[in-house]
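# Observations on the three-dimensional arrangement
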Amino acid sequence: MQSGDTPVPVSVDLTVRLRPVAEPDLAMLRRLCTEPGLIGLDWAGFKDAGAPARRFALDGYLGEDDGRLIVEVGRERATAGLVSYTSGRYAGRASYWEIGIVLLPPWRGQGVGWRAQALLCDYLFQHSPAQRIQAGTHPENVAEQRALEKAGFQLEGVVRASEFRAGRWRDGYLYSRLRDDPSPWDPAPQV
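First things first, this report covers the structure right here in the doc. These figures come from a predicted structure and were not determined experimentally. (Residues numbered from 1 in each chain as written. Predicted model: local features only at pLDDT ≥ 70, side-chain atom pairs only at ≥ 80, totals over all residues. Heavy atoms only, no water.)

### Considering the overall build of the chain
Tallying secondary structure elements over the chain gives four helices and seven strands in all. By the compact-globule yardstick of 16 Å for 191 residues, the chain fits well, its C-alpha radius of gyration being 17 Å. Along the longest, intermediate and shortest principal axes, the C-alpha atoms of the chain span 50 × 40 × 35 Å. Within the span of the chain, comprising 191 residues, buried residues form 39% of the whole. Of the roughly 10900 Å² of accessible surface on the chain, a fraction of 53% belongs to carbon and sulfur atoms. (Helix = DSSP H or I, 4+ residues; strand = E, 2+ residues; numbered from the N terminus. Rg over C-alpha atoms; globule rule 2.2 N^0.38 Å. Buried < 20%, exposed > 50% of the residue type's maximum accessible area, 1.4 Å probe, protein only. Areas by Shrake-Rupley, 256 points an atom, 1.4 Å probe, with all protein chains shown as cover.)

Below is the structure:
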């Protein structure tokens, strides 16, 4: 456990919220740039620890084409990590969002991830005309695969040699959720 991480209480209120990045969050964002392994398999080497403050000063991480929101948990509104979104375009007007998530170690495996990603989808579908939201993950990240499925995503397939990580090219899994797909908040249909 790193300094600043707090243990998760045994009986956790799993109310998950998203909010804009605030100045006190910059310390966590700097940690993500400088602590190997804090973001799990996505560690791609050391990054400029000053970049989070510069981006925050530019637009508070609420850009037109990309952004980040902080994931809060429970009545105490503990900071659990962040979600990100980046716009993309396949052809013509077929824009989409690519989302990602980083949870701090104490909050992993608690059900926070799927809830945060489902909330992010709700937010993006409500505030943009995009028909599609997609997310990539590593074949070995079974927990994230389950989280995406709980958040309403469907596996589309393998994207071969899609990222350079730990010294070699690796495959990824691509998931998507469409605007008309069932929401994870909706009850299952009665048969």
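### Examining the packing of aromatic side chains
For any pair of aromatic rings, the description consists of the separation of the ring centres together with the inter-plane angle of the planes. Taken as a whole, this structure holds five aromatic pairs when the rule is applied. Summarising the aromatic geometry, the rings of Trp114 and Trp185 are spaced 5.4 Å apart at their centres and angled 35° between planes, so their arrangement reads as tilted. Here Trp114 is found in helix H3 (residues 112-127), whereas its partner Trp185 is found in the segment after strand S7 (168-178), with 71 residues between them in sequence. The buried category is assigned to Trp114, whose relative accessible area is 14%. (Phe/Tyr/Trp six-rings, centres within 6.5 Å; stacked < 30°, edge-to-face > 60°.)

### Some details on the layout of surface pockets
There is about 270 Å³ of room inside the second largest pocket. Contributing to the lining of the second largest pocket are 16 residues, with Glu64, Ser87, Trp97, His127 and Ser128 lying nearest its centre. (1 Å grid on protein atoms, 1.4 Å probe; cavity = no way out; pocket = protein on both sides within 12 Å on 5 of 7 lines; lining within 4 Å. Points joined across faces, edges and corners; volume = space filled by probe spheres on them.)

### Section: the pairing of S7
Pairing between strand S5 (residues 132-137) and S7: six bridges, direction antiparallel. Along S7, the bridge assignment pairs Arg132 with Leu178. One ladder, built from eight bridges, connects strand S6 (residues 154-165) with S7; its direction is antiparallel. When the bridges of S7 are listed, Arg165 appears paired with Arg168. In sequence, S6 turns back onto S7 through a hairpin of two residues, with Ala166 there showing a positive phi of about 55°. (Pairing = 2+ DSSP bridges.)

### Concerning the pairing of strand S4 (residues 95-103)
Here strand S3 (residues 78-89) pairs with S4 via nine bridges, running antiparallel. Directly across from Leu82, in S4, lies its bridge partner Val102. From the end of S3 to the start of S4, which pair antiparallel, there are five residues, and Gly92 there has a positive phi angle of about 50°. Relative to S5, S4 runs parallel, the two sharing three bridges. The residue of S5 that forms the bridge with Glu98 is Gln134.

### With respect to the sheet that holds S4
Spatially, S1-S2-S3-S4-S5-S7-S6 is the arrangement adopted by the seven strands of the open sheet, whose pairing is mixed. Two strands in the sheet have a free side with no partner beyond their single neighbour: strand S1 (16-20) and S6. The average undirected angle you get between the axes of adjacent strands in this sheet is 30°. Note: strand S2 (residues 66-73) against S3, eight bridges, orientation antiparallel. Among the inter-strand pairings, Val71 is bridged to a residue of S3, identified as Gly81. (Axes fitted to C-alpha atoms, helices over the stretch in contact; angles between N-to-C directions.)

### Overview of the packing of helix H1 (residues 26-34) against helix H2 (residues 51-59)
The interhelical angle for the contact between H1 and H2, taken along N-to-C directions, is 135°, at an axis separation of 8 Å. Relative to H2, the element H1 lies oblique. Contact residues: Leu26, Leu29, Arg30 and Cys33 in H1; Pro52, Ala53 and Phe56 in H2. (Parallel < 35°, antiparallel > 145°, perpendicular 65-115°, else oblique. Contact = heavy atoms within 4.5 Å.)

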